[in-house]
Amino acid sequence: MSRVLVVGCGCTGALIAALLRRNKKLINITMWDKSKGAGGRMSTSRSPQDNSCTADLGCQYITQHSSYLNKHSSYYEELKNASILVPLNTEIEYAKNNENDTNYVTPAGVSSIVKYYIKESQCCSSYQMQLDSIVKKEGSWMVKAKDGSEGVFDSVVLTIPVPQLFLLQGDMPSILSASSQVKSNLEEVDYSSRYALGLFFDKGVKLDEPWSGKYVNDHPIFRFIAIDNKKRGQAESPPSVVFHTSVPFGKQHLEKTPKEVEPILLKAIKEMFPNWPAPSSVKTQKWRYSQVSKPYPGSPGCVILSENPPLVLAGDAFSHSNFDGCIVSAEAVLKGIEDKL
């Protein structure tokens, strides 16, 4: 039975694992992620005081783009039938959408999309497993994590941000250097950076704003704000609010810690909304790799570094930073390696 390792339990990694399972029943799929849980930039955070008070600090809503309407419709229908996606029925002020696009929200939090596909994959997922090295050994890959854990796999798919690829040990430096064109293309990939802050309030608190979310064009720090429970159509749930900073602010403060940046953000929020009550808890998240601002040339969906044994690079760096981009990358991986499993 072929052993496949997918590194990165975000949306692309979860989709890859699910598609491999559906097309190749007799394979053993393992997933590693350095975080405490699944989701990546589709992670959902919870208030430490109230487990029912949640906030999506990364992806805010899912847009079904008209350009992929026919090609990807089955994915959206599947998630709608599973009650994971529902139409966005509240107002997002100043959103710039094509009139033929459709927006969806996730009642259980955006991480429910990732968890759904991980469950579909029937994989063995391990968290707090940060990849350290990859070594080719007797037709397979010996893969080690920083905590000393290791495993041998017949195929490896890496969905981690491109800059992290250049930090891997073992055979990875020589593999990346084997093709000067591939290495040069990888070095061209760039990401925007930003901070996100979540405010969690006690049940019964009312935030009397006419919108559920809005884009901000005239603020020195913030670019997007959402009353998260209201955006997801759950106005009676404990309120949570998400703030996303602008890219320039993220770049300016990139090397600071979330703890250092949090007071700056809270001060600005107090000035914007002086009548809001104090939250019961706060969480600040730094997205060093928020969205791909410059993808791998040609956006091929994936890059195969080794045909035998398969070693594949995937993720939004090889397509684009939205759900359709995750699908494009996952389908490219399946097409590239399914006959080798």
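For the structure itself, look to the data block above.
As a starting point, this report considers the structure included with it. Fair warning: this is a prediction, and the values are worked out from it, not measured in the lab.

Tallying secondary structure elements over the protein gives 10 helices and 21 strands in all. In terms of overall size, the protein behaves like a compact globule, its C-alpha atoms giving a radius of gyration of 20 Å where 341 residues would be expected to give roughly 20 Å. Overall size of the protein, expressed as C-alpha extent along the three principal axes, is 65 × 40 × 35 Å. Here the protein holds 341 residues, and the buried ones make up 53% of them. Long-range contacts, defined here as pairs at least 24 residues apart, represent 71% of the contacts in the protein between residues at least 6 apart. Total accessible area computed for the protein in this model is approximately 15600 Å², and 48% of it derives from carbon and sulfur atoms. Computed over 38 positive and 35 negative side-chain charges, the inter-centroid distance for the protein is 3 Å.

In this section: the packing of helix α2 (residues 73-81) against helix α3 (residues 111-121). With their axes 12 Å apart at the nearest point, α2 and α3 run at an angle of 95° to one another. If you check the angle between α2 and α3, you find them roughly perpendicular. The residues of α3 that touch α2, namely those facing Y75, E78 and L79, are I113, Y116, Y117 and E120. Considered class by class, the residues forming the contact of α2 with α3 number five nonpolar, no polar and two charged.

Those residues of α2 that fall on the buried side of the exposure criterion are Y75, Y76, E78 and L79. When α2 is viewed along its axis, its buried side chains cluster within an angular range of 160° and face the same direction. Of the surrounding secondary structure, the elements contacted by the buried residues of α2 are α1 (11-23), β5 (62-64), β8 (102-105), α3 and α10 (323-337). One or two residues past the end of α2 sits S83, with phi positive at roughly 60°.

Ranked by size, the top nonpolar core spans 42 residues in total, and within it L15, I62, I113, Y117 and F323 carry the most contacts. When contributions to this core are tallied by element, the ones reaching two or more residues are β1 (2-7), α1, β2 (27-33), α2, α3, β21 (310-314) and α10. The contacts of F323, once residues within four sequence positions are left out, are C11, L15, M42, I62, Y75, Y76, L79, I113 and Y117. Counting residues in hydrophobic clusters, the runner-up holds 30 residues, among them L5, M129, V143 and L165.

Our focus in this paragraph is helix α6 (residues 180-188). For α6, the full list of buried residues reads V182, N185 and L186. Burial along α6 is one-sided: seen end-on, the buried residues are contained in an arc of 100°. Residues of α6 that are exposed and point over 90 degrees away from its buried face: S180, Q181 and E187. Buried residues belonging to α6 abut α4 (162-165), α5 (172-177), β20 (302-307) and β21.

In space, the three strands of this open sheet follow the order β5-β8-β6, with antiparallel pairing throughout. Of all the strands in the sheet, just β5 and β6 (86-87) have a single pairing partner and so form its edges. Direction of pairing for β5 relative to β8: antiparallel, over a ladder of three bridges. In the sheet register, I62 faces β8, and the bridge partner there is Y104.

We now examine the pattern of salt bridges. As enumerated under the stated definition, the model contains 15 salt bridges in all. Across the salt bridge formed by K80 and E77, the nearest N and O atoms sit 2.8 Å from each other. Pair noted here: K80 and E77 are both in helix α2, with a separation of three residues, about one helical turn. For E77, a relative accessible area of 38% gives the class partly exposed. Residues K340 and D339 are paired through a salt bridge, measuring 3.5 Å at the closest nitrogen-oxygen approach. Judged by relative accessible area, which is 32%, K340 ranks as partly exposed. For D339, a relative accessible area of 62% puts it in the exposed group. Counted as one network, the salt bridges with shared partners bring together D56, D228, K231 and R232.

This brings us to the sheet that holds strand β18 (residues 240-245). Strand pairing in a sheet relies on backbone hydrogen bonds, with the paired strands running either antiparallel or parallel. Across the sheet, which stays open at both edges, the six strands sit in the order β7-β16-β17-β18-β15-β19 with mixed pairing between neighbours. The open sheet is flanked by β7 (92-93) and β19 (281-294), the only strands paired with a single partner. The pairing of strand β16 (residues 213-215) with strand β17 (residues 222-227) spans three bridges and is antiparallel. Residue pairing across strands places K214 opposite I225, the latter belonging to β17.

Let us look at the side chain of S329. Following the sequence through the fold, S329 ends up in helix α10. Residues in contact with S329, not counting those within four places in the same chain, are T12, G301, A314, G315 and S319.

Turning our attention to the packing of aromatic side chains. This structure, assessed with the given rule, holds 14 aromatic pairs. Where Y76 meets Y104, the ring centres are 6.1 Å apart and the plane angle is 35°; that geometry is what we call tilted. Of this pair, Y76 sits in helix α2 while Y104 sits in strand β8, and the two are 28 residues apart along the sequence. Exposure class is identical for Y76 and Y104. Each is buried. Taken together, F201, W211, F222, F243, F273 and W276 form an aromatic cluster joined through their ring pairs.

Cut-off values and rules
- Residues numbered from 1 in each chain as written.
- Predicted model: local features only at pLDDT ≥ 70, side-chain atom pairs only at ≥ 80, totals over all residues.
- Heavy atoms only, no water.
- Helix = DSSP H or I, 4+ residues; strand = E, 2+ residues; numbered from the N terminus.
- Rg over C-alpha atoms; globule rule 2.2 N^0.38 Å.
- Buried < 20%, exposed > 50% of the residue type's maximum accessible area, 1.4 Å probe, protein only.
- Contact = heavy atoms within 4.5 Å.
- Areas by Shrake-Rupley, 256 points an atom, 1.4 Å probe, with all protein chains shown as cover.
- Lys, Arg positive; Asp, Glu negative; His and termini not counted.
- Charge placed at Lys NZ, Arg CZ, Asp CG, Glu CD.
- Axes fitted to C-alpha atoms, helices over the stretch in contact; angles between N-to-C directions.
- Parallel < 35°, antiparallel > 145°, perpendicular 65-115°, else oblique.
- Nonpolar A, V, L, I, M, F, W, Y, C, P; charged D, E, K, R; others polar.
- Arc of directions from axis to C-beta.
- Core = buried A, V, L, I, M, F, W, Y, C linked by side-chain atoms within 4.5 Å.
- Pairing = 2+ DSSP bridges.
- Salt bridge = Lys/Arg side-chain N within 4 Å of Asp/Glu carboxyl O.
- Phe/Tyr/Trp six-rings, centres within 6.5 Å; stacked < 30°, edge-to-face > 60°.

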